[in-house]
Amino acid sequence: MSAAALTALLALGGCQSDVLPAVFGLGEGGIAAYSPGTLPQIVAHDGDKLLGQSASETGRCIYENAVGRRFRADCPQGYKP
């Protein structure tokens, strides 16, 4: 192993960084305590495009928002596939 590679390994071995993920063993990795709660109810808004009915949930439809993200929400009243 070259001297430069050995020096780099030794230098990185003692580094601590909040920027690098904990996967590399160099940071905290965003450790947070568990906190119970509920997820917000997802609803369709004006401008969201209705793509069709959900295959896995009755009464739910698949929508696409303005930035192209797809999500599942309740179908509009009177919706027939």
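Below you will find a few notes about this structure. (Residues numbered from 1 in each chain as written. Predicted model: local features only at pLDDT ≥ 70, side-chain atom pairs only at ≥ 80, totals over all residues. Heavy atoms only, no water.)

It is worth spelling out the side chain of Asp 48 at this point. By the element assignment, Asp 48 lies in the loop between helix H1 (3-13) and strand S1 (49-53). Look at Asp 48: it is buried, it has no salt bridge, and the nearest opposite charge is Arg 69 at 11 Å. A polar contact of 2.7 Å, which involves the side chain of Asp 48, links it to the backbone nitrogen of His 45. (Helix = DSSP H or I, 4+ residues; strand = E, 2+ residues; numbered from the N terminus. Buried < 20%, exposed > 50% of the residue type's maximum accessible area, 1.4 Å probe, protein only. Lys, Arg positive; Asp, Glu negative; His and termini not counted. Salt bridge = Lys/Arg side-chain N within 4 Å of Asp/Glu carboxyl O. Polar contact = N/O pair within 3.5 Å; in protein donor to acceptor, adjacent residues only side chain to side chain.)

Under the counting rule described, the total for this entry stands at one disulfide. Across the disulfide from Cys 61 sits Cys 75; the S-S distance is 1.9 Å. On the sign convention where negative is left-handed, the bridge of Cys 61 and Cys 75, at about 100° about the S-S bond, is right-handed. With Cys 61 in strand S2 (residues 60-64) and Cys 75 in the segment after strand S3 (70-74), this pair connects stretches of sequence that are 14 residues apart. Summarising the burial analysis for this pair, Cys 61 and Cys 75 share the class buried. (Disulfide = S-S within 2.5 Å.)

On to the nonpolar core. In this structure, Cys 61, Tyr 63, Phe 71, Ala 73 and Cys 75 together form the largest nonpolar core, which totals five residues. Put simply, the parts of the chain that give this core at least two residues each are S2 and S3. For Tyr 63, the contacting residues outside a window of four places in its chain are Ala 44, Asp 48, Lys 49, Leu 50, Leu 51, Arg 69, Arg 70, Phe 71, Ala 73, Asp 74, Cys 75 and Pro 76. (Core = buried A, V, L, I, M, F, W, Y, C linked by side-chain atoms within 4.5 Å. Contact = heavy atoms within 4.5 Å.)

Considering the arrangement of structural elements, one finds Pro 76 in the segment after S3. Through-space distance from the C-alpha of Pro 76 to that of Leu 50 is 9.3 Å; in sequence the pair is 26 residues apart.

Attention shifts here to the pattern of salt bridges. All chains considered together, the criterion is met by four salt bridges. Among the ionic pairs, Asp 74 bridges to Arg 60, the shortest N-O distance being 3.1 Å. Within this pair, whereas Asp 74 is found in strand S3, its partner Arg 60 is found in strand S2, the two being separated by 14 residues in sequence. Asp 74 sits in the partly exposed class, given a relative accessible area of 45%. Of the charged contacts in the structure, one is a salt bridge between Arg 70 and Glu 64, with a shortest N-O distance of 3.8 Å. Judged by relative accessible area, which is 58%, Arg 70 ranks as exposed. Via salt bridges that share partners, Glu 57, Arg 60, Arg 72 and Asp 74 belong to a single interconnected network.

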